[in-house]
Amino acid sequence: MQPSMFNVRVPLEGRDGVFLMNTLTDAQIIVDREVSDLLDRLGTDDRGLTGPECEAVSALAGHGFVVESREADWRSVEAFFGGFRESRDQLRVTVLTTLQCNFACDYCIQGDHDDYNRHAAKMSLESAAKVAEWTERRLDAVAPRSFALTFFGGEPLLNLPVLYYLAERLWRSCQSRGTAMTISVITNGLLLTPEVVDRLLPCGLSGIKITLDGDRETHNRMRPLRGGQGTFDRIVNNIRQVAGRCRISIGGNFDESSVDSYPALLDFLREQEFADKLVRVAFKPIIREPAPARPKGFIPLTAVGSGGGAPNGACMTTAGSGSTACDSCGLMDEKMSLLREETKKRGFATVDGVHMGPCEIHKTHAHTIGPDGSLYACPGFAGLPTESTGHVDGREDTGRTGAAARFARIAAWKDCQDCAFIPVCAGGCSAAAHTELHDMNKPNCHKPSFEAGVVALAHEAARSLTEAVV
Ligand code: SF4
Ligand code: SF4
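So, on to the sheet that holds strand β8 (residues 180–187). Read from one edge of the open sheet, nine strands run β11-β10-β9-β8-β7-β6-β12-β13-β14, paired in mixed fashion. Here the strands that pair on one side only, and so sit at the sheet edges, are β11 (278–285) and β14 (390–391). With four bridges connecting them, strand β9 (residues 205–211) and strand β10 (residues 248–254) associate as parallel partners. In the strand pairing of β10, Ile 208 is matched with Ile 248.

Have a look at this one:
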């Protein structure tokens, strides 16, 4: 018997206790220091265990804190990833209705820079019909309990005819098959209106994620229109109009120049009458490519971070991880932890920094579809022709077949040795690794952020325990 490699421990200051968490079983407990010490003795000096110690070990084993061997841990995590990959519970499809965008964000290759929008792809209704047919075939083949449709871009609301067509047709497809359906929209919020929300609500609209990149001044600098006009006031006004009609979450992408404005944004949001209607507020660092050139149409990534969307969330669609190539990576991890705390302090639900993944790139039945009907393993690779894994019209070529096989093998976590965070990180964001490290199979490590998340969980657990005792 030995302690699981997926145990993490946080000694609790001011009390004789240790917070113990196992990232594979998600068990979380507070134990006395002797119990924590007992774990250290296992495998080295466990022959003379007393009766009570044997009972404690057995209880710990029941929660996954004690395992037979390191090999048993590896077998369990392999089985976990295998089950996650092949799960048929849910079919997830993210549709990029267009790569065009009405913003000109400095950090984004998309958007209204130069002649970008003139060439950026937009899905036609004809392609949308093929997307719907392909999705219906997947619904029949996978027979999932639920179908999650996400609209993303570019700016997805720039192509409302396609968005409405897919939402309404696929809603009917799901209804006729007895499959539950949800719709999420990830938008910059500029074109969000009550009419859009009301049209999507009968089709299972479950959430809209809107990006605010800092306080008013900072957001207007980071996310302007092409002419430089600010967008903050219009977006906030749009949120005001639709809050209460549907679930709204706020995301934000920060860098060194903008991060310090986020507390002011949080204060501003707290003062709004819609504050209690926001279901989640979560921010993540901007991932930048170290090399200057990047092919047109490649979607820039923001580090993974929040749960809910992509399995517990990692990426622009939900949450994310980080970047080893980034000079300021350590700083960004630290800032992300601080922002989580600032967000919680103001009473907003946010990500906990630990339950981040694995993300949808590790799922067989999760697909991203570009405006031309090309299939991708996840939104982070959409628009990169060399990374397309197929096409909704069924066409086959060696490039797509090869890419599909490459993505099916992705397992950067296998290089993470004995890291305790493998089950909740899976080696980080593969798209960020591709962008920054030029190798999607390399771990994209943000361990300090996970460690800070566990410390926060420990403090919360200790606080709840104290409150329960009082
Ligand atoms: S690999 Fe793809 S799905 Fe996963 S976190 Fe990165 S962008 Fe998101
Ligand atoms: S990327 Fe880092 S935090 Fe994630 S599993 Fe690998 S070593 Fe651990």
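There is more to say, and it comes next.
In this section: helix α5 (residues 125–142). For α5, built from 18 residues, the straight-helix expectation of 26 Å at 1.5 Å per residue is met to within 8% by its first-to-last C-alpha distance of 25 Å. Here α5 has its buried residues at Ser 127, Ala 128, Ala 129, Val 131, Ala 132, Trp 134, Thr 135, Glu 136, Leu 139 and Val 142. Buried residues along α5 sit in contact with β6 (90–96), β7 (146–152), α6 (160–177), β12 (366–369) and β13 (374–376). Directly after α5, the chain includes Ala 143, whose backbone phi takes a positive value near 50°.

Going through the model one piece at a time under the given rule, you end up with 22 salt bridges. In this structure, Asp 89 engages Arg 145 in a salt bridge whose closest nitrogen and oxygen atoms are separated by 3.2 Å. With Asp 89 in the loop between α3 (70–86) and β6 and Arg 145 in the loop between α5 and β7, this pair connects stretches of sequence that are 56 residues apart. In this structure, Arg 199 engages Glu 168 in a salt bridge whose closest nitrogen and oxygen atoms are separated by 2.7 Å. Linking Arg 199 in helix α7 (residues 194–200) with Glu 168 in helix α6, this pair joins segments that are 31 residues apart in sequence. The class of Arg 199 is partly exposed, set by a relative accessible area of 39%. Salt bridges here are not isolated pairs; linked through shared partners, they connect Asp 267, Glu 342, Lys 345 and Arg 346.

With that out of the way, let us pick up the site of ligand 2. Surrounding ligand 2, one finds Cys 416, Cys 419, Ile 422, Cys 425, Gly 427, Pro 443, Cys 445 and Lys 447. In terms of residue class, the shell around ligand 2 is built from six nonpolar, one polar and one charged.

Moving on, we come to the sheet that holds strand β3 (residues 17–22). The three strands lie next to each other as β2-β3-β4, forming an open sheet whose pairing is antiparallel. Where the open sheet ends on each side, the last strands, each with one partner, are β2 (7–12) and β4 (28–32). With direction set aside, neighbouring strand axes in the sheet form an average angle of 25°. Pairing analysis gives six bridges linking β2 to β3, with the strands arranged antiparallel. Bridge pairing in β3 links Pro 11 to Val 18.

What follows covers the confidence of the model for the protein. Chain-level statistics for the protein give a pLDDT mean of 86 and a share of 86% at 70 or above. In this model, residues 316–329 is a region of pLDDT below 50 whose contacts with residues beyond four sequence positions or in other chains number 70 contacts.

Our focus in this paragraph is the packing of helix α1 (residues 33–41) against helix α2 (residues 51–62). The geometry of α1 relative to α2 is characterised by a closest axis approach of 11 Å and an angle of 85° between their N-to-C directions. Here α1 lies roughly perpendicular to α2, going by the angle between them. Counted together, Val 35, Leu 38, Leu 39 and Arg 41 of α1 and Glu 53, Ala 56, Val 57 and Leu 60 of α2 form the full contact between these two elements. Here the contact of α1 with α2 is built from residues that sort into six nonpolar, no polar and two charged.

Taking burial as the measure, the eight residues of helix α14 (residues 430–437) include eight buried ones, the bulk of the element. Of the positions making up α14, those classed as buried are Ser 430, Ala 431, Ala 432, Ala 433, His 434, Thr 435, Glu 436 and Leu 437. Positive phi appears at His 438, one or two residues downstream of α14, with a value of about 60°.

Conventions adopted
- Residues numbered from 1 in each chain as written.
- Chains lettered and ligands numbered in written order.
- Predicted model: local features only at pLDDT ≥ 70, side-chain atom pairs only at ≥ 80, totals over all residues.
- Heavy atoms only, no water.
- Pairing = 2+ DSSP bridges.
- Helix = DSSP H or I, 4+ residues; strand = E, 2+ residues; numbered from the N terminus.
- Expected span 1.5 Å × (residues − 1).
- Buried < 20%, exposed > 50% of the residue type's maximum accessible area, 1.4 Å probe, protein only.
- Contact = heavy atoms within 4.5 Å.
- Salt bridge = Lys/Arg side-chain N within 4 Å of Asp/Glu carboxyl O.
- Near = heavy atom within 4 Å.
- Nonpolar A, V, L, I, M, F, W, Y, C, P; charged D, E, K, R; others polar.
- Axes fitted to C-alpha atoms, helices over the stretch in contact; angles between N-to-C directions.
- pLDDT = per-residue confidence, 0-100.
- Parallel < 35°, antiparallel > 145°, perpendicular 65-115°, else oblique.

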